[in-house]
Amino acid sequence: MLTGLTLALAAPGLALPGAAEAPMKAAYAALAHGDGIAAEAELEKAQTAGASREDVAAAMGEALLAQGENARAREWLGPGQFAKGQEAFGWRTLGRLERLDGNLPAAGQALDRALSFAPKDALLWVEIGRLRYAGGEQLQAIDASLKALEYGPDNIRALEFRAQLVRDAQGWEAALPIYERALERAPDDLSLLGGYAACLGELGRGSEMLTVTRHMIELAPKHPYAWFLQATLAARVGDVDLARKLLAHTGTAMRDDPAGMLLSGVLELEAGNANIAVGQFERLSDRQAANPRVQLLLARALYEAGQYDELLRRFGGYAARADAPAYLLTLLGRAYEDLGNRAAAAPLLDRASAATVPALMPIPEGAPSGVLAGRFGDDPGSPGSAVPYARALLGAGNFAAARQVAERFLSLHPGSADALALAGDVELAAGNPGGALSHYIDSAQVRFPDNLLLRMGEAFDRAGRGGEMQPIAARYLTGWPGSRLAARLAAGHSAGLGDWHTARLLLESLRLRGGDGDVRLLADLSLAQLRDGDAEAALATAQTAYALMPSSGVVAQAWGMALAQLGREPALARQLLTKARRIGGDNPLLVEARHKLDSGS
């Protein structure tokens, strides 16, 4: 396997004592396999055999970085003293060290030095791309990835970097062939195997993913990511006990990783250990305060742990908002009921039973606006200061000030997905959906999470261009087939275009993937089945939903419409339709169903 490291051995002007050549070659072979410990041992042998400190400095720095020994790596790389022919390798490795330590300007300076020695080094352009990405120049990082492939079309690190960028912007399906191309050249590369296995898993190819992860474990029995992927697969098929056992094999490696924290929390929740799950989700919530899935999981864990006061303290303000999820309203309502406060529970449960889809609203921020303003003033280029402050201003209705913050942030990082998305959010909230779409589309070139897809759909609708969203949602679902949000959006757009069969298939798939307790999903599915000509299925689905939430007007409507279509139990059908109108008001579907009952057709 050639990663580019071995090329340094053949660099012009590199002269080694004869006895040092064998351990140097062995060191580079170890580095090519990511084995920093073995490489360090061989480099020490090379020094004993007469190699100078400058001869081994670049490789020793790489070996120590592979072990996570950044401080020791700096001792070798920091002086910038590298043997002739090793300068590009040395400066590139120093640039990587500076990036990993968060010293981005110093990293840029080191990479500029490397570029002066090797302007067409594919590995150097990979490192330049990673630096740009870390520094918020993410569109420019894409350019660097293409430059790396231009100079090294078969370089596995260049292929890997490109695959990662494509995965984030275009989905798992698009990244898969790039990983396969790299693995043809390095079939035992653990980093490539991990990325490839993750793609297979997200595309629903579980047996192939399992085969790849088993190969990873054969190569490195303690490799944490391989065990993590197997745990994820077990969790998806509902084997919680096995998933927990597999996750335990990762040791502490995934403890502070967001994906590891999320999986651990979900598994503990499913195993009945709600208090442990609360701890995991609280840590994750501190990092991802704007992630709605994390917040709802934390709310569920608090409820199941019986921590009602903490649940109400954390989420009471959110529940007062018009866009509060029905699931959260239900949890808080039940918490009030368990505390014996039915007066407080009733309005929350009534809102939850309406099961309407709320408009998008700015995410609330916990810190006072003055504190957020100070943080932004101190560091206007940081997402951690700019994004919360802009959201707070949006929440207060101060669109002009929010736009100034977003424009300042974007001017400092014109290629940043975060900055572009924030600018889009401000324009959308300020009533400029066309401007929002421009920013959202640019942001999606870098990273396309499904919450961006949702905001993009809202912008298209507000711009009167809702029809343009349907093919985008369909393509998104191809790239990210596991996205429930994309499936819901695609189903909604299919229904809007009158393609009820496609809408039904999408909603039935969601039901099979854990949606049998989602009353809004079941109500939508019942309507799709009805419009698709299958009133019997629509009736059965609506009855299932009604058993879950009899107080829901949308569910009562679904059941009443199915009965009206079948011409059965007209008295019950009228009762259900009246109930639905009383809860949610009249609408064309209710009018249609009443007309069918009145006409007897």
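Residues numbered from 1 in each chain as written. Predicted model: local features only at pLDDT ≥ 70, side-chain atom pairs only at ≥ 80, totals over all residues. Heavy atoms only, no water.

**Q** I tried to follow the overall build of the chain on my own but got confused; where do I start?
**A** From N to C terminus, the chain includes 34 helices and 0 strands. Considering only C-alpha atoms, the chain reaches an extent of 100 × 50 × 45 Å along its principal axes. The buried share of the chain, reckoned over its 601 residues, is 48%. Surface exposure of the chain reaches about 26800 Å², of which carbon and sulfur atoms provide 53%. If you average the places of the 59 positive and of the 69 negative side-chain charges in the chain, the two averages end up 3 Å apart. (Helix = DSSP H or I, 4+ residues; strand = E, 2+ residues; numbered from the N terminus. Buried < 20%, exposed > 50% of the residue type's maximum accessible area, 1.4 Å probe, protein only. Areas by Shrake-Rupley, 256 points an atom, 1.4 Å probe, with all protein chains shown as cover. Lys, Arg positive; Asp, Glu negative; His and termini not counted. Charge placed at Lys NZ, Arg CZ, Asp CG, Glu CD.)

**Q** How do you make sense of the pattern of salt bridges when you look at a structure like this?
**A** Pairs may arise between side chains of opposite charge once their charged atoms sit close together. Summed over the entire model, instances satisfying the criterion amount to 38 salt bridges. A salt bridge links Asp-256 to Arg-283; the nearest nitrogen and oxygen atoms lie 2.8 Å apart. Here the residue Asp-256 occupies a position in the loop between helix H14 (240–248) and helix H15 (258–270), and Arg-283 occupies one in helix H16 (residues 274–287), the gap between them amounting to 27 residues. Residue Glu-592 is joined to Arg-531 by a salt bridge in which the shortest nitrogen-to-oxygen separation is 2.8 Å. With a gap of 61 residues between them, Glu-592 in helix H34 (residues 588–599) and Arg-531 in helix H30 (residues 519–531) connect regions that are remote in the sequence. One network of salt bridges, in which partners are shared, links Glu-282, Glu-310, Arg-313 and Arg-314. (Salt bridge = Lys/Arg side-chain N within 4 Å of Asp/Glu carboxyl O.)

**Q** Please clarify how the packing of helix H7 (residues 122–134) against helix H8 (residues 138–151) should be interpreted in this entry.
**A** Working note: a packed helix pair is described by the angle between its axes plus the distance between those axes. With their axes 8 Å apart at the nearest point, H7 and H8 run at an angle of 170° to one another. As the angle between them shows, H7 and H8 are arranged roughly antiparallel. Across the interface between the two elements, Ala-122, Trp-125, Val-126, Ile-128, Gly-129, Arg-132 and Tyr-133 from H7 touch Gln-138, Gln-140, Ala-141, Ala-144, Lys-147, Ala-148 and Tyr-151 from H8. For the contact of H7 with H8, the class distribution of residues is 9 nonpolar, 3 polar and 2 charged. (Axes fitted to C-alpha atoms, helices over the stretch in contact; angles between N-to-C directions. Parallel < 35°, antiparallel > 145°, perpendicular 65-115°, else oblique. Contact = heavy atoms within 4.5 Å. Nonpolar A, V, L, I, M, F, W, Y, C, P; charged D, E, K, R; others polar.)

**Q** I'm lost on helix H29 (residues 500–515) in this one. Help?
**A** For the α-helix, the turn length of 3.6 residues means that residues three or four positions removed from each other point alike. Relative to the 22 Å expected for 16 residues at 1.5 Å per residue, H29 spans just 19 Å between its end C-alpha atoms, considerably shorter than the ideal helical length. Residues Ala-503, Arg-504, Leu-506, Leu-507, Leu-510 and Gly-515 constitute the buried set of H29. The buried side chains of H29 occupy one side of the element, clustering within an arc of 165° when seen end-on. As for H29, its buried residues are in contact with helix H27 (469–479), helix H28 (484–496), H30 and helix H31 (535–548). (Expected span 1.5 Å × (residues − 1). Arc of directions from axis to C-beta.)

**Q** How should I be thinking about H30 in this particular structure?
**A** Its 13 residues place the ends of H30 18 Å apart at the C-alpha level, agreeing with the 18 Å of an ideal helix rising 1.5 Å per residue. Burial in H30 covers these residues: Val-519, Leu-521, Leu-522, Ala-523, Leu-525, Ser-526, Ala-528, Gln-529 and Leu-530. Along its buried surface, H30 packs onto H28, H29, H31 and helix H32 (553–566). The distance from a side-chain oxygen at the start of H30 to the backbone nitrogen of Arg-520 is 3.1 Å, and the residue carrying that oxygen is Asp-518. Within two residues after H30, Gly-533 carries a phi angle of roughly 90°, on the positive side. (Polar contact = N/O pair within 3.5 Å; in protein donor to acceptor, adjacent residues only side chain to side chain.)

**Q** How do you make sense of the nonpolar core when you look at a structure like this?
**A** The nonpolar side chains of soluble globular proteins are, as a tendency, buried together. Core analysis: the largest hydrophobic core is formed by 113 residues, its most contacted members being Leu-43, Phe-448, Leu-453 and Met-456. When residues in this core are grouped by element, the largest group, 8 residues, is from helix H3 (residues 53–66). With near-sequence residues (within four places) excluded, Leu-453 lies in contact with Phe-448, Met-469, Ile-472, Ala-473, Tyr-476, Ala-486 and Leu-489. One finds Met-261, Val-294, Leu-298 and Leu-302 within the second-largest nonpolar core, a separate group that totals 28 residues. (Core = buried A, V, L, I, M, F, W, Y, C linked by side-chain atoms within 4.5 Å.)

**Q** What is the right way to read the environment of Leu-16 from this model?
**A** Residue placement: Leu-16 occurs in the segment before helix H1 (18–32). Residues Leu-16 and Arg-181, 165 residues apart in the sequence, show an inter-C-alpha distance of 35 Å. Apart from residues no more than four positions distant in its own chain, Leu-16 is found in contact with Glu-21, Met-24, Ala-51 and Asp-55.

**Q** Teacher, can you tell me more about the side chain of Gln-295 here?
**A** Considering the arrangement of structural elements, one finds Gln-295 in helix H17 (residues 292–304). In terms of polar contacts, Gln-295 uses its side chain to reach the side chain of Ser-285, at 2.9 Å. Ignoring sequence-local partners within four residues, the contact set of Gln-295 consists of Ser-285, Gln-288, Ala-289 and Phe-315.

**Q** Where do I start with the environment of His-249 in this structure?
**A** Looking at where His-249 falls in the secondary structure, it is placed in the loop between H14 and H15. Judged by relative accessible area, His-249 falls into the partly exposed class, the value being 46%. The spatial distance from the C-alpha of His-249 to the C-alpha of Gly-102 is 30 Å, given a sequence separation of 147 residues.

**Q** Please explain the confidence of the model for the chain as it appears in this structure.
**A** If pLDDT is low for a region, its predicted coordinates should not be looked at in detail. Mean pLDDT for the chain: 90, with 95% of residues reaching 70 or above. In the predicted structure, residues 1–13 sits below a pLDDT of 50 and forms 33 contacts with residues beyond four places in sequence or in another chain. (pLDDT = per-residue confidence, 0-100.)

**Q** Hey, could you run me through the packing of aromatic side chains in this one?
**A** How two aromatic rings sit relative to each other is given by the distance of their centres and the angle of their planes. For the coordinates displayed, the defined rule picks out 9 aromatic pairs. Ring geometry for Phe-82 and Trp-91: centres 5.7 Å apart, planes at 80°, overall edge-to-face. Looking at Phe-82, the relative accessible area reads 10%, which means it is buried. A relative accessible area of 11% places Trp-91 in the buried class. Each residue in the set Phe-448, Tyr-476 and Trp-480 is aromatic and connected to the rest through ring pairs, giving one cluster. Sitting over the face of the ring of Trp-76, Arg-53 holds its NZ or CZ atom 4.0 Å from the ring centroid. Above the face of the Trp-125 ring, Lys-147 is positioned so that its terminal group lies 5.8 Å from the ring centre. (Phe/Tyr/Trp six-rings, centres within 6.5 Å; stacked < 30°, edge-to-face > 60°. Lys NZ or Arg CZ within 6 Å of the ring centre and 35° of its normal.)

**Q** Would you explain the packing of H30 against H32 in this entry?
**A** Contact geometry of H30 with H32 gives a least axis separation of 9 Å together with a crossing angle of 20°. Classified by the interaxial angle, the pair formed by H30 and H32 is roughly parallel. Once H30 is placed against H32, the crossing between them reads as left-handed. Taken together, the residues of H32 that come into contact with H30 (itself represented by Val-519, Arg-520, Ala-523, Ser-526, Leu-527, Leu-530 and Arg-531) are Val-554, Val-555, Ala-558, Met-561, Ala-562 and Gln-565. The class makeup of the residues in the contact of H30 with H32 is 9 nonpolar, 2 polar and 2 charged. (Left-handed = near helix turned anticlockwise from the far one by under 90°.)

**Q** Please clarify how the environment of Gly-265 should be interpreted in this entry.
**A** You can see Gly-265 is positioned in helix H15. In sequence terms Gly-265 and Leu-297 are 32 residues apart; their C-alpha atoms lie 8.5 Å from each other. Beyond its immediate stretch of four places on either side in the chain, Gly-265 contacts Ala-277, Gln-280 and Phe-281.

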